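Here's the letter readout for the chains.
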Amino acid sequence: MTLPASAAPSLHIRTEQPDDAPLIEKLLDHAFGPGRFNKVSERVREFAEFRPDLSFCAWTGEALTGSVRMWRVRIGDREAVFLGPLAVEAEARKAGAGGALVEAASQAAQAAGFPLVLLVGDEPYFSRFGYSAAPAKAVVMPGPVDQRRVLVRELVSGGAEGL
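Predicted model only: the values in this text are computed from it and were never measured.

A look at helix 4 (residues 97-111)
Because each turn of an α-helix spans 3.6 residues, side chains separated by three or four positions in sequence point in the same direction.
Then, number 1: Its 15 residues place the ends of helix 4 21 Å apart at the C-alpha level, agreeing with the 21 Å of an ideal helix rising 1.5 Å per residue.
Then, number 2: Taken across its 15 residues, helix 4 has 11 buried, putting it largely inside the fold.
Then, number 3: Directly after helix 4, the chain includes Gly113, whose backbone phi takes a positive value near 95°.

Following this line, the structure appears as structure tokens:
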């Protein structure tokens, strides 16, 4: 995995492994608290297929410092992947771990042949990785959501047309 120039040299990104799950849950609890189970993103994950082969962990030495997960979904008749949750410890954020995880997951989804990635997040942060709300304006989520936070990144030209 190639990390952005801003990523700390001690940061290592690798595909999520089954033994990582308890540490990831602890990281997610710390990052989002118990309210994370009430979000629309959790409704998506309830019916989506988890893709550990497209999900990644960031490690600093022996410590898990970040995680991003991907889920196979359908948007109408279109196959896609849903990115989230993304959680990174504060010190690893400064080292660019969040961006490295988003890029690793997006590149893996592209290599796996998915036409687009969908997520719910802040456009000012995710736009630097090619995500935009414009192509997702008609995407209906399984619960209330601020539509400006529903973002898409095309992985193939035209992958988000007509969503």
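That shown, we press on.
Digging into the side chain of Ser106
Then, number 1: Mapped onto the fold, Ser106 is located in helix 4.
Then, number 2: Look at Ser106 and you get buried, because its relative accessible area is 1%.
Then, number 3: Separated by 2.8 Å, the side chain of Ser106 and the backbone oxygen of Val102 make a polar contact.
Then, number 4: Those residues in contact with Ser106 that lie beyond four places of it in its chain are Met70, Leu83, Tyr131, Arg153 and Leu155.

A closer look at the pairing of strand 5 (residues 78-88)
Then, number 1: Most of strand 5 sits out of view: 10 of its 11 residues are buried.
Then, number 2: Bridge count for strand 4 (residues 63-75) against strand 5 is 9 bridges, and the pairing is antiparallel. Note on strand 5: the bridge partner recorded for Ile75 is Arg78.
Then, number 3: In this antiparallel pair of consecutive strands, strand 4 and strand 5, the connection spans 2 residues, and Gly76 shows a positive phi of 65°.
Then, number 4: As judged from the 2 bridges shared by strand 5 and strand 6 (residues 116-120), these two strands associate in the parallel manner.

With respect to the pattern of salt bridges
Then, number 1: As enumerated under the stated definition, the model contains 10 salt bridges in all.
Then, number 2: Linking Arg14 and Asp20 is a salt bridge whose minimum nitrogen-to-oxygen distance equals 2.8 Å.
Then, number 3: Overall, the relative accessible area of 4% leaves Asp20 in the buried class.
Then, number 4: With a closest N to O distance of 2.9 Å, Arg69 and Glu16 form a salt bridge. Within this pair, whereas Arg69 is found in strand 4, its partner Glu16 is found in the loop between strand 1 (11-15) and helix 1 (21-32), the two being separated by 53 residues in sequence. As far as the burial class goes, Arg69 and Glu16 line up, both buried.
Then, number 5: Where salt bridges share partners, they join Glu49, Arg72, Arg74 and Glu79 into one cluster.

What counts as what
- Residues numbered from 1 in each chain as written.
- Predicted model: local features only at pLDDT ≥ 70, side-chain atom pairs only at ≥ 80, totals over all residues.
- Heavy atoms only, no water.
- Helix = DSSP H or I, 4+ residues; strand = E, 2+ residues; numbered from the N terminus.
- Expected span 1.5 Å × (residues − 1).
- Buried < 20%, exposed > 50% of the residue type's maximum accessible area, 1.4 Å probe, protein only.
- Polar contact = N/O pair within 3.5 Å; in protein donor to acceptor, adjacent residues only side chain to side chain.
- Contact = heavy atoms within 4.5 Å.
- Pairing = 2+ DSSP bridges.
- Salt bridge = Lys/Arg side-chain N within 4 Å of Asp/Glu carboxyl O.

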